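Now for the letters of each chain:
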Amino acid sequence: MIDYIFSLDELEYFLLVMSRMLGFVTAAPFFNMNNAPRRVRVGLAFFVSLLLYHTSLPHGTVVYHTVWGYGMIVMKEAVVGLLIGFGAQICTTIVTFAGMTIDMNIGLSMVSMLDPTTRENTSISGMYLQYTTMLMLLVSGMYQFLLSAVTDSYRLIPVNGAVFGTDHLVWSMTRFLSEYIIIGFRICLPVFAVVMVMNAVLGILAKVAPQMNMFAIGIQLKILVGLMILFFTYAMLPGAADFIFREIRIMVTRFMEGMM
């Protein structure tokens, strides 16, 4: 028979554990998709928190003096979960940046689609790369790593024990921005290089045969060649997904170090 009796201190501690998990589910990739019902996300956070509370978390007491003080502790735990999830989420935007760069080079920068997961307008190539990369990340076990990371955070950062190091968090974001541009450019490099060579060839043809409308010809050729290069470089996407997965691990680790 299951014993449902619990004390007020246990309830307060469990709510803090769940606050961090709710913040993580709200910000982490794959878990924060808008097409997933909110009840499912809340239920996932509740049951994972319940399992952690009864299995691996050391039980403790929360020291506070007023309701406002307890509310501040709840907000602190929610921010910890949000930062852990945000550290992984920003890494998945690298492929969106690469897709926007590709569309800008092949002439599809004015074409946009509504992404049902984020409910934002995004480029065609960006959506293609994002969904393909996300699928590969899921196959490689990204969700397991994220759940294990937020589980380990309770051991590394105890409940009500987070210390936000602003300097370390800012340094982590600065390092990420440089890596963001490098990895994004490496993803779109094949299309960028081929289009650059094509522009050079079209410029030479415009001088050799000025009677030809190279602008009209170039638009069609860029789209056709760009889509062909995307098709032929599909085999490179597992390597790009590996880059992003590695970056997710680095950023989650850095953000957790900035709160220890």
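Residues numbered from 1 in each chain as written. Predicted model: local features only at pLDDT ≥ 70, side-chain atom pairs only at ≥ 80, totals over all residues. Heavy atoms only, no water.

> Sorry, what's going on with the pattern of salt bridges here?
Pairing between side chains becomes possible if they bear opposite charge and their charged atoms approach one another. Applying the stated rule across the entire model yields four salt bridges. Glu179 is the salt-bridge partner of Arg175, the closest N and O atoms lying 3.9 Å from each other. On the criterion of helical spacing, the pair formed by Arg175 and Glu179 is a turn pair, its members being four residues apart in helix α7 (residues 166–208). Taking the relative accessible area as the measure of exposure, Arg175 reaches 34% and is therefore partly exposed. Take Glu179: its relative accessible area is 16%, and that puts it in the buried class. Here Asp242 and Arg246 are joined by a salt bridge, their closest N and O atoms 2.7 Å apart. Of this pair, Asp242 and Arg246 both sit in helix α9 (residues 237–257), four residues apart, which is roughly one turn of the helix. Residue classification places Asp242 among the partly exposed positions, given a relative accessible area of 40%. (Salt bridge = Lys/Arg side-chain N within 4 Å of Asp/Glu carboxyl O. Helix = DSSP H or I, 4+ residues; strand = E, 2+ residues; numbered from the N terminus. Buried < 20%, exposed > 50% of the residue type's maximum accessible area, 1.4 Å probe, protein only.)

> How do you make sense of the packing of α7 against helix α8 (residues 214–232) when you look at a structure like this?
Interaxial distance between α7 and α8 falls to 10 Å at its minimum, and their mutual angle equals 155 degrees. Classified by the interaxial angle, the pair formed by α7 and α8 is roughly antiparallel. Here the hand of the crossing between α7 and α8 comes out right-handed. Where α7 abuts α8, its residues Pro190, Val191, Val194, Val195, Met198, Asn199, Leu202, Leu205 and Ala206 lie against Met214, Gly218, Leu221, Lys222, Val225, Gly226, Ile229 and Leu230. (Axes fitted to C-alpha atoms, helices over the stretch in contact; angles between N-to-C directions. Parallel < 35°, antiparallel > 145°, perpendicular 65-115°, else oblique. Left-handed = near helix turned anticlockwise from the far one by under 90°. Contact = heavy atoms within 4.5 Å.)

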